[in-house]
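Inside the fold
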Amino acid sequence: MDVEQIAAARDAHSAADASRAGQRAFQRIADLGRPSVCAINGACLGAGAELALACTFRVAASDPAVRIGLPEVQLGIIPGFAGTQRLSRLVGKGRAKEMIYTGEMIDAAEACRIGLVNRVVVKDRLIEEAKALAMKMCDKSASAISLSKE
């Protein structure tokens, strides 16, 4: 998200409306009813991180360019798309608090270690691995649905 868009908000009501629109969009992703997978290859910050957090699974490239976090707090902006709640559910309240309060941006290995991403893979295989994970999870989901209907 462009910080200029936030600065361009006419008033508190329009800013709140924009935040609610983002929350609804990301909640639709979280509520898809099927697993969703986000492939992370580079900076995954702010609203991008919140989008990744709305997905069921996250796969990151083992690349030094990968950075994940909510650095907008360093500008005095509170993440507004429910990423703070999703982050704490994934990594625990203590670790989430550290990341949220400081705007810390972590690399792929650390993100995997704390449970923020599910897999770290070689950059050249990122999309293949993300697709494979999505297919595997959809197959498991479909099997669970068909079993529960029998």
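What you are looking at is a predicted structure, and each value in this text was computed from that prediction instead of being measured. (Residues numbered from 1 in each chain as written. Predicted model: local features only at pLDDT ≥ 70, side-chain atom pairs only at ≥ 80, totals over all residues. Heavy atoms only, no water.)

A look at the state of the cysteines
The final tally for this structure, using the stated rule, is 0 disulfides. As a non-bridged cysteine, Cys38 has Cys55 as the owner of its nearest cysteine sulfur, 4.9 Å distant. (Disulfide = S-S within 2.5 Å.)

What about the sheet that holds strand β6 (residues 119-121)?
Taken in spatial order, the 3 strands make up an open sheet running β1-β3-β6, and their pairing is parallel. Each end of this open sheet is capped by a strand with a single partner; those strands are β1 (37-40) and β6. Put simply, the sheet's adjacent strands are angled 20 degrees from each other on average, direction ignored. The pairing of strand β3 (residues 57-61) with β6 spans 3 bridges and is parallel. Each residue of the ladder has a partner; that of Ala61, found in β6, is Val121. (Pairing = 2+ DSSP bridges. Helix = DSSP H or I, 4+ residues; strand = E, 2+ residues; numbered from the N terminus. Axes fitted to C-alpha atoms, helices over the stretch in contact; angles between N-to-C directions.)

Section: the nonpolar core
Ranked by size, the top nonpolar core spans 30 residues in total, and within it Ile40, Val66, Ile68, Leu87, Ile106 and Leu116 carry the most contacts. At the level of secondary structure, the elements contributing two or more residues to this core comprise β1, α3 (47-54), β3, α4 (83-91), α5 (93-102), α6 (108-114) and α7 (126-149). Leave out the neighbours within four places in its chain, and Ile106 touches Val66, Arg67, Ile68, Arg95, Met99, Ala111, Ile114 and Leu116. (Core = buried A, V, L, I, M, F, W, Y, C linked by side-chain atoms within 4.5 Å. Buried < 20%, exposed > 50% of the residue type's maximum accessible area, 1.4 Å probe, protein only. Contact = heavy atoms within 4.5 Å.)

Looking at α5
Taken residue by residue, α5 has Arg95, Ala96, Met99 and Ile100 as its buried positions. Along α5, the residues classed as buried sweep out an arc of 130 degrees about the axis, all on the same side. Away from the buried face of α5 by more than 90 degrees, exposed residues Lys93 and Tyr101 are located. Downstream of α5 by a residue or two, Gly103 has a phi angle that is positive, lying close to 75 degrees. (Arc of directions from axis to C-beta.)

Concerning the packing of aromatic side chains
Inspection of the entire model under this criterion finds 1 aromatic pair. Residues Phe26 and Phe81 carry aromatic rings whose centres are separated by 5.2 Å and whose planes lie at 80 degrees to one another, so their mutual orientation is edge-to-face. Placement of Phe26 in helix α2 (residues 12-30) and of Phe81 in the loop between β4 (67-69) and α4 is noted, with a sequence separation of 55 residues between them. For the pair formed by Phe26 and Phe81, the shared burial category is buried. (Phe/Tyr/Trp six-rings, centres within 6.5 Å; stacked < 30°, edge-to-face > 60°.)

A few points about the packing of α2 against α3
Their axes nearest at 8 Å, the elements α2 and α3 cross at an angle of 30 degrees. Judged by the angle between their axes, α2 and α3 are roughly parallel. The residues of α3 that touch α2, namely those facing Phe26, Ile29 and Ala30, are Ala47, Glu50, Leu51 and Ala54. (Parallel < 35°, antiparallel > 145°, perpendicular 65-115°, else oblique.)

Thoughts on the pattern of salt bridges
Enumeration according to the criterion identifies 8 salt bridges in this entry. A salt bridge links Arg95 to Glu104; the shortest N-O distance between them is 2.7 Å. A residue is classified by how much of its surface remains accessible, and Glu104, at 28% relative accessible area, is partly exposed. When the shortest N-O distance is used, the salt bridge between Glu110 and Arg113 registers 3.0 Å. Within this pair, Glu110 and its partner Arg113 are both found in helix α6, separated by 3 residues, close to a single helical turn. (Salt bridge = Lys/Arg side-chain N within 4 Å of Asp/Glu carboxyl O.)

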